[in-house]
Amino acid sequence: MDTYSLKAVADLPPSFRSIFSFRYFNSLQSECFSTCFLSDVNMVISAPTGSGKTVLFELCIMRLLSKFITGDGFIHQKGTLKTVYIAPSKALVQEKLRDWSQKLNSMEITCLELTGDNESYNIQSIQDADIILTTPEKFDVVTRYCIKDGGLGFFSDVALVLIDEVHLLNDPRGAALEAIVSRIKMLARKPEMQSSPLSNVRFLAVSATIPNINDLGEWLMAPPQGIKRFGEEMRPVKLTTKVFGYTPAKNDFLFEKRLQNYIFDLLIQYSGGKSALIFCSTRKGAQEAAQRLAQIAMTFGHSSPFVRSRDQLDRLKEASLSCSDKQLQSYVVYGVGYHNGGLSSKDRSIIEGLFLNGDLRVLCTTNTLALGINLPAHTVIIKSTQYFNKEKGAYMEYERSMVLQMCGRAGRPPFDDTGIVIIMTRKETAHLYENLLNGCEIVESQLLPCMMEHLTAEIVQSTVSDITRAIEWMKCSFLYIRMKKSPQSYSFLKGLSGDQIEKHLLEICVDKVKELSQYQMVWTDEDGFLLKALEPGRLMTKYYLKFDTMKHIILAPVNCNIEEALRIICQAEETAWIQLRRNEKKCLNDINNDKDGRLRYHVLDDRGKRKKRIQTREEKIFVLVNDCLSGDPLVRDLSMSQDVNSICTNGSRIAKGMKEYFMHSKSYRGALSSTIIAKCLHQKLWDDSLYLLKQLPGIGMVTAKALQSMGVTSFDTLREADPRKIELVTGRKYPFGNHIKESLFLLPPKVQMVLEESKGQKPGMSKLLITLTRLSQPSQSARKHYADMIVGIEEENVILFFERIRVEDFSSPYSATVLFSTPQQGKMSIKANLIFEQFIGIDLHQKVVVTPLAELSLNPKCKPRLQQLCSSEPEDLCIINDDVTSISLLTSDEQIKNSISMPSFNLIDEDPPDDLNYTPVLEAEDDCKIITERTVFDHIKKKAKDLPVLPLSSDNKSSPSMQAFNLIRKRTREDYVDFGDDCLDLFLSKVPSAQFPEPPPEPCTADAGTFTGIHDTMAVHNTSSLLENTELATEHDLSGHTTLTEETVVQQMRKKLKNSSIVDNLNVTKAWDYGKMDKGIIKIPMITEIKDNISIKMKSPCPNPEHAIYKQRPNPNFKRKE
């Protein structure tokens, strides 16, 4: 473009002119000016690094803000028109944040950073922001799991999307960028969005020189006038590139270190004595490279190749005296320095000034400088194209955008008219960087390998609700564009038509949905058309888990313990890049052999013995994690230490997702195990480690061991320790002990947990009262602490209660009531756990054992008589009703269990006849009550008045309850007797198949060994001692129907109770009066404690069933033992 056609800043409205610090736009900016600022079309721009593409973003932002310009000036409405800026790295996001916040502050434009470094945002801050600056992964995460809190509400206000370095699509990370752009396009098409800015959202994407820019334009719906391609002619300084390939070393660390030997020769050959930037992947690497160059320059004496004049040397010596870093001082005098985040701000300023002035000729720095401070140089050397990824814990290739950013530092206009870039890499990757620098690398989609995760995320957010919407979502992706152009790159046949491509898309969608449905991550209808997310799918989306990892979690055992949870993490797809190297095997074998017993878990062979040879990456990960969690790891190798850091970071996130899955499935052990392992991986300590104090700042391994030697291994013992003794043992000076004790204020306040069991209001139900009391005052720290309260039944592995508590804010004392069914047999252990989210070693665990439902709660007044009863010799307990010739016997355990499992119906008589003879209740001298017929039936009548009448079905098909009801009507009448709080409720069991002389017209008989139900019999465990050798019961069981007379009854009773003190006199009178009981006096001992189980029944006179009122009622005597 000619000079006369350059656009001036004065062409902008007055409100926007102060944004730009220059008067004229350059050639590239001027050519794009009308499209960027005077229209709303989508744009894709390909241009070399350093050609001024950032100004194009700012012009598009000004175009959007121009809608607020009215006749009264610029009137801004906060958050109504949003701009989303997406960059591949946090450093680039933060650079733009600083720049735009400063420029747009006068216009009251709010900028918000959404990256992993900024967790202080909330939904309201997102709603109020005008410009959101983010990375693809973070934006994807935020819009994934904030949907329930209205996280997608701001989407309707998005009017402009700026994509920096769009060639990131070619990297594996590009799948996230592709997914969120497709999501925005899908939401913009929704009918409910037609009246919002999102319906007309504008896209602007810029990239380095790429050959298939038209594919990007088609994906972003850019018209032909919106697609701009610029070559190297737009670069202000002509750039020369060199790529050198070197033979790899044994490991990445040694390879990078070896490259230091070649840097000096390259500088002498290509830099021409001009300024040079050397990009290293780590701070230490930058320091070592500077040290190596300074050592070589020292050998030249006063004729250093990096110092050209005496004045330059004097300025370097003077500046070196101002440096606080002693190592840096010695390098600066030779014209060599280093720059990284480890330097003080003063030292960094000195180095930057020297380099910009040209006094410091060589500067070794980290790759973050390429995205931060603008320090151009004539020569740029990229020492190794790999960097250490902290999240994955491994050396990985630089992203293409990062390489281009570093190359963009070459050339210093107006000081130089040329620049040179030298890339030092491996032989096998040299051609990749040649194609990159020459603009010959075609951008391909990376969405297909992770289609499962991103499709699930869209289903979770309801962006995709059926198969047709899934197809539409795929058509919105860059994958669809590239599949049409190059199907062979995605395992399809070359030359497929458009219809065949869509058919393949449908097959892909159906296959993915089937697999998701198979693992219950999504729900589909019978036709497989409708799609709805299920809880496992939501959790995979929320915690950004891989599909294979989520499958391992779903297939985990129900009773998953800590070891099994740890093995699931070791198999996770997130750590699949970790490899077992040959030189690591000996160290891993020694650790797993564990002669000192340090490890909690080991890798075992088929025979259950410790494996002698580690053979897989999963085994390597398992050994490394156990070694790390011991608190004092033996691993010293840098590469394996980096692996451990990545495993713990990813493992903690996976464990949190695992915890929520087990919460969803109500698995108590699984939820508890995954909650604990998540914390342990975060702190890199087991919860019972001797080095728990390492969690506090200022306490490392050496200090923790010193404190252990004086018996300080927990927070409580540290709280009581003397600060001066701490300093003496650790060898530190005053006031180190005070600082260590002050760090205890970072802990959450101490909490006491108390469990109290009581009887529930409903029959068969109990309740557990959990009380939390804060024992210490919360600290003034801004950090808030959370804890999970998990209550579950250990035997049944079921969660009864879960709550997330903010420890500083709950009202103390805080109570929670948990209802549960009282066990009918056996004992039940209920455990309450208060697990703090961050710190280990302070969790609270309480357990209560619940006795069975049939456990009797008795009057304490009767304990002396109980001891007499339990110490008596007879093994059969019999109670004789004077007017009834049947005998109640204790039955076997099996019969008691049968009685508990059967339904119960109490048969209540109508009001008794007027001619009944009433006998008053008399107090016995030995704490016994005299129970008569009148007291029995008065009590039954009183208890039955408020109970519901059992409904009778009119149809012939009776319910199971009615069948049991009809069965009971045919049996002998048995009345439930309650003697109040002062004595034990007694029941007289029926005699098996008893046949009485002169029976009534409708005799009441009972089958051998049968019970009427849970309310007719009170059963308690451990009855075997009272039921052994029950001769009378055995005799009746074997004889079938036996005729009983007064004589046989008396003989049998005298035989069995000869030495018993329970029944003093036997006064048996034959009295069959069909509903009346003469001289029916029973002396009943008071019983308050039972060592063995007792099952007692009272047999009342057989009533006429035709005149009976049948009611069902609960048994008030089933009281839980306190």
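Here, every reference points to the structure presented above.
Our subject in this report is the structure included herewith.

Reading the values: rules and limits
Residues numbered from 1 in each chain as written. Predicted model: local features only at pLDDT ≥ 70, side-chain atom pairs only at ≥ 80, totals over all residues. Heavy atoms only, no water. Helix = DSSP H or I, 4+ residues; strand = E, 2+ residues; numbered from the N terminus. Buried < 20%, exposed > 50% of the residue type's maximum accessible area, 1.4 Å probe, protein only. Lys, Arg positive; Asp, Glu negative; His and termini not counted. Salt bridge = Lys/Arg side-chain N within 4 Å of Asp/Glu carboxyl O. Polar contact = N/O pair within 3.5 Å; in protein donor to acceptor, adjacent residues only side chain to side chain. Contact = heavy atoms within 4.5 Å. Pairing = 2+ DSSP bridges. Axes fitted to C-alpha atoms, helices over the stretch in contact; angles between N-to-C directions. Parallel < 35°, antiparallel > 145°, perpendicular 65-115°, else oblique. Left-handed = near helix turned anticlockwise from the far one by under 90°. Nonpolar A, V, L, I, M, F, W, Y, C, P; charged D, E, K, R; others polar. Core = buried A, V, L, I, M, F, W, Y, C linked by side-chain atoms within 4.5 Å. Right-handed = clockwise from strand over helix to strand, strands pointing away.

Remarks on the side chain of Asp-466
So, point 1. With respect to the secondary-structure elements, Asp-466 resides in the loop between helix 15 (451–460) and helix 16 (467–475).
So, point 2. Look at Asp-466: it is buried, it has no salt bridge, and the nearest opposite charge is Arg-469 at 5.7 Å.
So, point 3. Among the polar contacts listed, one links the side chain of Asp-466 to the side chain of Thr-468, at a separation of 2.4 Å.
So, point 4. Once residues lying within four places of it in the same chain are set aside, the contact partners of Asp-466 are Phe-529, Leu-530 and Leu-531.

Re the sheet that holds strand 9 (residues 227–229)
Sheets are built from strands that pair by backbone hydrogen bonding, the pairs being arranged parallel or antiparallel.
So, point 1. Ordered by their spatial adjacency, seven strands build an open sheet running 5-6-4-7-8-1-9, and the pairing between neighbours is parallel. The open sheet has two edge strands, strand 5 (111–114) and strand 9, and neither has a second partner. The average angle at which neighbouring strand axes cross in this sheet is 15°, direction not considered.
So, point 2. Pairing analysis gives four bridges linking strand 1 (residues 43–46) to strand 8 (residues 202–207), with the strands arranged parallel. Of the residues in strand 8, the one forming a bridge with Ile-45 is Val-206.

A closer look at the pattern of salt bridges
So, point 1. On inspection of all chains with the given rule, the structure shows 43 salt bridges.
So, point 2. Among the salt bridges present, the one from Asp-809 reaches Arg-806, with a minimum N-O distance of 2.9 Å.
So, point 3. Judged by its relative accessible area of 45%, Asp-809 is partly exposed.
So, point 4. One network of salt bridges, with partners in common, ties together Asp-215, Glu-218, Glu-444, Arg-482, Lys-484 and Lys-485.

Description of the packing of helix 2 (residues 54–65) against helix 3 (residues 90–104)
Pairs of packed helices are described in terms of their axes, by the angle between the two and the distance that separates them.
So, point 1. In the contact formed by helix 2 and helix 3, the axes pass within 13 Å of each other and the chain directions differ by 45°. Classed by the angle they form, the pair helix 2 and helix 3 counts as oblique. Along this stretch, helix 2 crosses helix 3, giving a crossing that reads as right-handed. Contacts from Thr-54, Phe-57, Glu-58, Ile-61 and Met-62 in helix 2 reach Lys-96, Asp-99, Trp-100, Lys-103 and Leu-104 in helix 3.
So, point 2. Considering only residue class, the contact of helix 2 with helix 3 consists of five nonpolar, one polar and four charged.

Points about the nonpolar core
So, point 1. Counting 125 residues, the largest nonpolar core has Leu-198, Met-550 and Ile-677 as the members making the most contacts within it.
So, point 2. Per-element accounting of this core gives the leading share, 10 residues, to helix 24 (residues 638–664).
So, point 3. Setting aside anything within four residues of it in sequence, one finds Ile-677 in contact with Ile-562, Leu-566, Ile-569, Leu-629, Ala-655 and Trp-686.
So, point 4. In this structure, Ala-289, Leu-313, Leu-375 and Ile-382 belong to the second largest nonpolar core, which totals 64 residues.

Considering the packing of helix 6 (residues 174–188) against helix 16
So, point 1. At their nearest, the axes of helix 6 and helix 16 sit 9 Å apart, and the two run at 120° to each other. One finds that helix 6 runs oblique with respect to helix 16. Considering the relative orientation of helix 6 and helix 16, their crossing is right-handed. For the pair formed by helix 6 and helix 16, the contact residues are Ala-179, Ser-182, Arg-183 and Met-186 on the first element and Arg-469, Glu-472 and Trp-473 on the second.

Re unusual backbone geometry
So, point 1. For the peptide bond that leads from Tyr-734 to Pro-735, omega is 5°, which places it in the cis range.
So, point 2. The residue Pro-735 is located in the loop between helix 28 (723–730) and helix 29 (736–742) in this model.
So, point 3. The residue after Ser-812, namely Pro-813, is reached through a cis peptide bond having omega -5°.
So, point 4. Among the structural elements, Pro-813 can be located in the loop between strand 23 (798–806) and strand 24 (814–821).
So, point 5. Of note in the backbone geometry, Tyr-544 takes a positive phi value of approximately 55° without being a glycine.
So, point 6. Tracing the chain through its elements places Tyr-544 in the loop between helix 19 (535–542) and helix 20 (547–554).
So, point 7. By relative accessible area, Tyr-544 is classed as partly exposed at 25%.
So, point 8. Look at Lys-666: it is not a glycine, yet its phi comes out positive at around 60°.

Concerning the pairing of strand 8
So, point 1. Along strand 8, six of the six residues are buried, which leaves the element largely enclosed by surrounding structure.
So, point 2. Both faces of strand 8 are covered, namely the face carrying Arg-202, Leu-204 and Val-206 and the face carrying Phe-203, Ala-205 and Ser-207.
So, point 3. The pairing of strand 7 (residues 158–163) with strand 8 spans four bridges and is parallel. Of the residues in strand 8, the one forming a bridge with Leu-162 is Leu-204.
So, point 4. After leaving strand 7, the chain enters helix 6 and then returns to the sheet as strand 8, a path that is right-handed.

Re the sheet that holds strand 26 (residues 844–850)
So, point 1. Spatially, the four strands line up as an open sheet ordered 23-22-25-26, and their pairing is antiparallel. Looking at which strands have only one partner, the edges of the open sheet turn out to be strand 23 and strand 26. Each strand of the sheet is rotated relative to its neighbour by a mean of 10°, with strand direction disregarded.
So, point 2. The pairing of strand 22 (residues 786–793) with strand 23 spans eight bridges and is classified as antiparallel. Bridging across to strand 23, Ile-793 finds its partner in Val-798.
So, point 3. The strands touched by helix 25 (residues 668–683) are strand 22, strand 23 and strand 25 (828–836); relative to strand 25, the strand with the most contacts, the crossing angle is about 25°.

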